Amino acid sequence: MIGTIITATAATALSAPAAGLLGYRQFKRAAHAKRLRITAPEGIEESGFVRIGGIDQWISVRGDDRRNPVILELHGGPGAANHVFLPRTRAWERHFTIVRWDMRGAGRTFVHNGADGQGDFTLDRLHRDALEVTAHVRTRLGVPKVLLVANSFGTVLGLRLARSHPELYSAYVGTDQNIAEGGRDTSAYETLLERLRRTGKRKELARATEMGADRAAWTTRQWSTYNKLVVTSDPLSYDTMKTVVVRSLWFSPQHTLRGSAPT
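Rules used in this analysis
- Residues numbered from 1 in each chain as written.
- Predicted model: local features only at pLDDT ≥ 70, side-chain atom pairs only at ≥ 80, totals over all residues.
- Heavy atoms only, no water.
- Buried < 20%, exposed > 50% of the residue type's maximum accessible area, 1.4 Å probe, protein only.
- Helix = DSSP H or I, 4+ residues; strand = E, 2+ residues; numbered from the N terminus.
- Arc of directions from axis to C-beta.
- Contact = heavy atoms within 4.5 Å.
- Core = buried A, V, L, I, M, F, W, Y, C linked by side-chain atoms within 4.5 Å.
- Axes fitted to C-alpha atoms, helices over the stretch in contact; angles between N-to-C directions.
- Left-handed = near helix turned anticlockwise from the far one by under 90°.
- Nonpolar A, V, L, I, M, F, W, Y, C, P; charged D, E, K, R; others polar.
- Pairing = 2+ DSSP bridges.
- Phe/Tyr/Trp six-rings, centres within 6.5 Å; stacked < 30°, edge-to-face > 60°.
- Lys NZ or Arg CZ within 6 Å of the ring centre and 35° of its normal.

Residues of helix α6 (residues 202–211) that are buried include every one of Leu205, Ala208 and Met211, and no others. The buried residues of α6 all sit within an arc of 120° when viewed along its axis, so they share a single face. Looking at α6, the residues exposed on the side facing more than 90 degrees away from the buried face are Arg202, Lys203 and Glu210. Summarising the contacts, the buried residues of α6 are in contact with α5 (187–198) and α7 (220–233). Positive backbone phi, at 80°, marks Gly212, one or two positions downstream of α6.

Here it is as structure tokens:
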């Protein structure tokens, strides 16, 4: 009897922190959901699938005043849709109407079509997709041009769009700008090797060295290994992942603990 009581008490003690954490998560998600509501008379909040490049792709449009300038946001990754960061960029929507597009292979587009339903996945295909999305946005919102805002991987696509089609885009803003340098710049790889060498991570150093500096020759698994080593070996990247990305996922009102985005 005493053993049963002790076991039950221990289980309760262990479950209390978890329950408190989940309760706090529920509170934060509810607060974010309330903050994300568009209630302004001239506001716009719509989302759904649009046929782009032969497959259904998710597009959302949000803003407090549909008369504001229009931003087309190009997310990073590949595969890292930006919906998880909505609470962090809510203030933007007071001044802009923001179009967020889940590219093929990302977010709700990936979930909806499945791994085998993403079609061709090349930069040329994404470029054509982006032009179709731009045409859809211009027609839907009745604007001659949109402002491109891209981050990380999306900047490779965004820069090409801005340079090739100035008639469609009023401005281009790139954050964490990437450059398709054709394998000529190996400074990031060399910096990783030096960081691993300096911190005495011999096993990780051996894995990175074996991959070589030619990123064009890396397999998908090697790319995954490289990205993991970069994040875990660099304090700033690791802290950003924990405090920005993971916290945004944890408290997002649009994401579940399973990681799937509800449609």
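Turning our attention to the nonpolar core. One finds Leu74, Val99, Trp101, Leu141 and Leu157 to be the most contacted residues of the largest nonpolar core, which totals 26 residues. If you list the elements that add at least two residues to this core, you get β1 (44–52), β2 (55–63), β3 (70–74), β4 (97–101), α3 (123–141), β5 (146–151) and α4 (153–164). It is α3 that contributes the most residues to this core, five residues altogether. Once residues within four sequence positions are removed from consideration, Trp101 is found in contact with Gln57, Trp58, Ile59, Glu73, Leu74, His75, Leu126, Asp129, Ala130, Val133 and Leu157. The next biggest cluster of nonpolar side chains, apart from the first, holds 10 residues, and it includes Tyr189, Leu192, Ala208 and Met211.

Let's shift gears to the packing of α3 against α4. At their nearest, the axes of α3 and α4 sit 10 Å apart, and the two run at 65° to each other. Here α3 and α4 pass one another in a crossing that is right-handed. In contact with Leu123, Asp124, Leu126, His127, Ala130 and Leu131 of α3, α4 contributes Phe153, Val156, Leu157, Arg160 and Leu161. For the contact of α3 with α4, the class distribution of residues is eight nonpolar, one polar and two charged.

Counting buried residues in β4 gives five out of five residues, a clear majority hidden from the surface. Burial along β4 is two-sided: Thr97, Val99 and Trp101 facing one way and Ile98 and Arg100 facing the other are all buried. Both β2 and β4 contribute to a ladder of four bridges, which runs antiparallel. Counted as the bridge partner of Arg62 is Ile98 from β4. When β3 meets β4, the two strands line up parallel, connected through four bridges. Bridge pairing in β4 links Leu72 to Val99.

Let's shift gears to unusual backbone geometry. If a residue is not glycine, its phi is most likely negative; likewise, a peptide bond is most likely trans. With phi around 50°, Ser152 is a residue other than glycine that occupies positive phi space. With respect to the secondary-structure elements, Ser152 resides in the loop between β5 and α4. Here Asp176, not a glycine, exhibits a phi torsion of approximately 55°, which is positive. The exposure class of Asp176 is exposed, given its relative accessible area of 54%.

Turning our attention to the environment of Glu194. Topologically, Glu194 is positioned in helix α5. Judged by relative accessible area, which is 38%, Glu194 ranks as partly exposed.

Bringing the packing of aromatic side chains into the picture now. Applying the stated criterion across every chain yields a total of seven aromatic pairs. Here Tyr24 and Phe251 contribute two aromatic rings whose centre-to-centre distance is 5.6 Å and whose plane-to-plane angle is 90°, an arrangement assigned as edge-to-face. With Tyr24 in helix α1 (residues 2–36) and Phe251 in helix α8 (residues 235–251), the pair connects residues that are 227 residues apart, well separated along the chain. The class for Tyr24 is partly exposed, based on a relative accessible area of 39%. Residues Tyr189 and Trp218 carry aromatic rings whose centres are separated by 6.3 Å and whose planes lie at 55° to one another, so their mutual orientation is tilted. Taken together, the residues span a long stretch of sequence, with Tyr189 in helix α5 and Trp218 in the loop between α6 and α7 at a distance of 29 residues. Neither Tyr189 nor Trp218 differs from the other in exposure class; each is buried. Geometry around Trp250 places Arg25 over its ring, the cationic atom sitting 4.9 Å from the centre. Sitting over the face of the ring of Trp58, Arg108 holds its NZ or CZ atom 4.9 Å from the ring centroid.

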